[in-house]
Amino acid sequence: MKLRYEVKEMRKKNDYKINIMMMGGRRCGKTTVLASMQECFDRKFGSSNLTISSPDSATAIDFEEKIKEMKDYYHFNKAYTFSPDYEPTSELKTYQMGLSLKSKSNGEIKMNFTDFPGGWISMKENAKLLEKSMADSHVIIIAIDTPHLMEHTKSDDHDTVGMFNEASNRSHLVSNLIKRHLSLDNSTKMILFVPLKCERYRRNGTMSTVIRKIKTAYRPLIDHINNEHNREKCVMAITPIYTFGTVEFKRFKRSDAGKILVSPETRLPRYPLYGFTDDAGNMPEPLYCDMPLIYTLMYVLTIAKETKEKAHKRAPWFIKGMRKLGEGFLNFPSADDFLMEINGLYSELSKVMNNNSEGFELITNPLQWK
Ligand SMILES: Nc1nc2c(ncn2[C@@H]2O[C@H](COP(=O)(O)OP(=O)(O)OP(=O)(O)O)[C@@H](O)[C@H]2O)c(=O)[nH]1
Ligand SMILES: [Mg+2]
């Protein structure tokens, strides 16, 4: 018993922790994305030395429930439209995923994802908890419900966002919350905008419009970072995920009189209707689910590499903000082995990171990824 305990303790000391916070309005797909990441990553890196270890049992149960929900939609007749709205998150939760090397039996990168009910964003009583979680995070993932951002705009101007965007994505609240935190804390973070449910826009070639509307909706936050004073502190990128791959937004359901049915409590369309694309098979075909993990790993590994090579001297702020993260990593026993994986990860990242037609853009690039 004692020996087992000691082994467990040793493992803990040998691990390196990264905290990632999920942000976004209610029902936009935060938990589903987390559940899909593991499978996607293992498929992409199956033949490499990297692997995701099985999550703890509480995480596995929540994730299995979400994956099952996704797969169950594929039992419907392919001509149906449906309105997915199942299993909201009811409390703040931390999900753990560990990244390890097949060649090593200890020394894991532990990724702690904080997930919470999207409705909390606008509740004063939860503000302190969210602020604390943000302060502890190295990476913030802002999940975006894309149809609410894109549809029912007041004009055809590419920079106008949908009339339900604010009620759904809470873009201004999210922007101001993060902006206030960054001003107070003066910390360095990576901020990833992750548009979801955007299969329709990929198919009709309008992902560059999605990018423009994200930049409009989150302008207070983007302007705060993307200027000469702050640009060097934060990596900021747009990295879409096509969670289902073959299910796309069709329309918001209307009444017989032709009005969109809106819930009086949430001020959101009651039934966003989705349907299968013509090429849909019997299973979801997710695309790019692994990209947030690849960005996260590249963020930490690039900082560690620059710290190791002392190449960061070109950027004076690096000393304050990023050195701690880099040194922490270099003190971790498997650091050199993980650093050997950087080229494979970088090649995945550089393939897409500025591919606008697929919905990707690197908005600020302090680590000089090319
Ligand atoms: N059509 C479609 N539905 C999705 C997608 N991702 C998630 N959903 C569905 O949207 C609903 C909400 O997804 P969740 O992952 O629970 O959303 P959430 O952001 O965690 O929601 P809260 O926990 O309430 O904040 C679920 O019924 C999902 O099946 C997607 O990419 N496309
Ligand atoms: Mg959730």
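Check the entry above for the structure.
Residues numbered from 1 in each chain as written. Chains lettered and ligands numbered in written order. Predicted model: local features only at pLDDT ≥ 70, side-chain atom pairs only at ≥ 80, totals over all residues. Heavy atoms only, no water.

Once that is clear, we can look at the overall build of the chain. Helix and strand counts for the chain stand at 15 helices and eleven strands. The C-alpha atoms of the chain give 21 Å as radius of gyration, which agrees with the globular expectation for 370 residues (21 Å, within 12%). Sorting the 370 residues of the chain into buried and exposed places 53% on the buried side. Look at the contacts in the chain between residues 6 or more apart in sequence, and 78% of them connect residues 24 or more apart. For the chain, the exposed area adds up to about 17600 Å²; of that, 50% sits on carbon and sulfur atoms. Positive and negative charge centroids in the chain, built from 55 and 46 side chains respectively, lie 3 Å apart. (Helix = DSSP H or I, 4+ residues; strand = E, 2+ residues; numbered from the N terminus. Rg over C-alpha atoms; globule rule 2.2 N^0.38 Å. Buried < 20%, exposed > 50% of the residue type's maximum accessible area, 1.4 Å probe, protein only. Contact = heavy atoms within 4.5 Å. Areas by Shrake-Rupley, 256 points an atom, 1.4 Å probe, with all protein chains shown as cover. Lys, Arg positive; Asp, Glu negative; His and termini not counted. Charge placed at Lys NZ, Arg CZ, Asp CG, Glu CD.)

Looking at ligand 1, there are 24 residues lining it, with Lys30, Thr32, Lys66, Glu69 and Gly118 nearest. Between ligand 1 and Gly118, the relevant distance is 2.6 Å, taken from an oxygen atom to a main-chain nitrogen or oxygen of the residue. Burial of ligand 1 by the protein chains amounts to 99% of its free accessible area of 650 Å². A class-by-class count of the residues in the shell around ligand 1 yields ten nonpolar, six polar and eight charged. (Near = heavy atom within 4 Å. Polar contact = N/O pair within 3.5 Å; in protein donor to acceptor, adjacent residues only side chain to side chain. Nonpolar A, V, L, I, M, F, W, Y, C, P; charged D, E, K, R; others polar.)

With their axes 8 Å apart at the nearest point, helix H11 (residues 291-309) and helix H13 (residues 323-330) run at an angle of 90° to one another. Judged by the inter-axis angle, H11 sits roughly perpendicular to H13. Residues Tyr299, Val300, Leu301, Ile303, Ala304, Thr307 and Lys308 of H11 form the contact with H13, whose participating residues are Arg323, Leu325, Gly326, Glu327, Phe329 and Leu330. Partitioning the contact of H11 with H13 into residue classes produces eight nonpolar, two polar and three charged. (Axes fitted to C-alpha atoms, helices over the stretch in contact; angles between N-to-C directions. Parallel < 35°, antiparallel > 145°, perpendicular 65-115°, else oblique.)

Coordination of the magnesium ion (ligand 2) by the protein comes from Thr31 (OG1) and Thr89 (OG1), over a distance range of 2.0 to 2.1 Å. One end of the pair, Thr31, is in helix H2 (residues 30-45); the other, Thr89, is in the loop between strand E3 (81-82) and strand E4 (93-101), and 58 residues separate them in sequence. Here Thr31 matches Thr89 in class, with each residue buried. (Donors = N, O, S within 2.8 Å, 3.2 Å for Na, K, Ca; no water.)

Looking now at the sheet that holds strand E9 (residues 247-252). Spatially, E3-E10-E9 is the arrangement adopted by the three strands of the open sheet, whose pairing is antiparallel. At either end of the open sheet lies a strand with only one pairing partner, and these are E3 and E9. Two strands pair when backbone bridges link them, and E9 and strand E10 (residues 272-276) are joined in this way by five bridges, in the antiparallel orientation. For Arg251, the partnering residue across the bridge sits in E10 and is Leu273. (Pairing = 2+ DSSP bridges.)

Turning to helix H4 (residues 127-135), a few remarks are in order. Among all positions of H4, only Leu130, Ser133 and Met134 are buried. Seen from one end, H4 has its buried residues packed into an arc of 100°, which puts them on one side. For H4, the exposed residues lying more than 90 degrees away from the buried face are Lys128 and Lys132. (Arc of directions from axis to C-beta.)

If you check which residues of helix H15 (residues 342-352) are buried, you get Ile342, Leu345, Glu348, Leu349 and Val352. Angular distribution of buried residues about the axis of H15 spans 130°; they occupy a single face of the element. In H15, the exposed positions that point more than 90 degrees away from the buried face belong to Asn343 and Lys351. Where the residues of H15 are buried, they touch H2, strand E2 (50-53), H11 and helix H14 (335-339).

Moving on to the pattern of salt bridges. Overall, the coordinates contain 22 salt bridges when judged by the stated rule. Of the charged contacts, one joins Lys215 and Glu361 as a salt bridge, the two residues approaching to 2.5 Å between their closest N and O atoms. Taken together, the residues span a long stretch of sequence, with Lys215 in helix H9 (residues 207-217) and Glu361 in strand E11 (residues 361-364) at a distance of 146 residues. Residue class for Glu361 comes out buried when judged on its relative accessible area of 15%. One network of salt bridges, in which partners are shared, links Lys44, Asp290, Glu348 and Lys351. (Salt bridge = Lys/Arg side-chain N within 4 Å of Asp/Glu carboxyl O.)

With mixed pairing, eight strands are arranged side by side in an open sheet as E2-E4-E5-E1-E6-E7-E8-E11. Two strands in the sheet have a free side with no partner beyond their single neighbour: E2 and E11. Adjacent strand axes in the sheet meet at a mean angle of 25° when their direction is disregarded. Bridging between strand E1 (residues 16-23) and strand E6 (residues 139-145) involves four bridges; their strand directions are parallel. Opposite Met23, over in E6, you have Ile142 as the bridge partner.

Here we take up the nonpolar core. Residues Ile142, Phe193, Tyr295 and Phe329 are the most contacted members of the largest nonpolar core, which totals 109 residues. No other element matches H11, which puts eleven residues into this core. Once you skip the residues sitting within four places of it in the chain, Phe329 turns out to touch Tyr16, Ile109, Val300, Leu301, Ala304, Ala335, Phe338 and Leu339. (Core = buried A, V, L, I, M, F, W, Y, C linked by side-chain atoms within 4.5 Å.)

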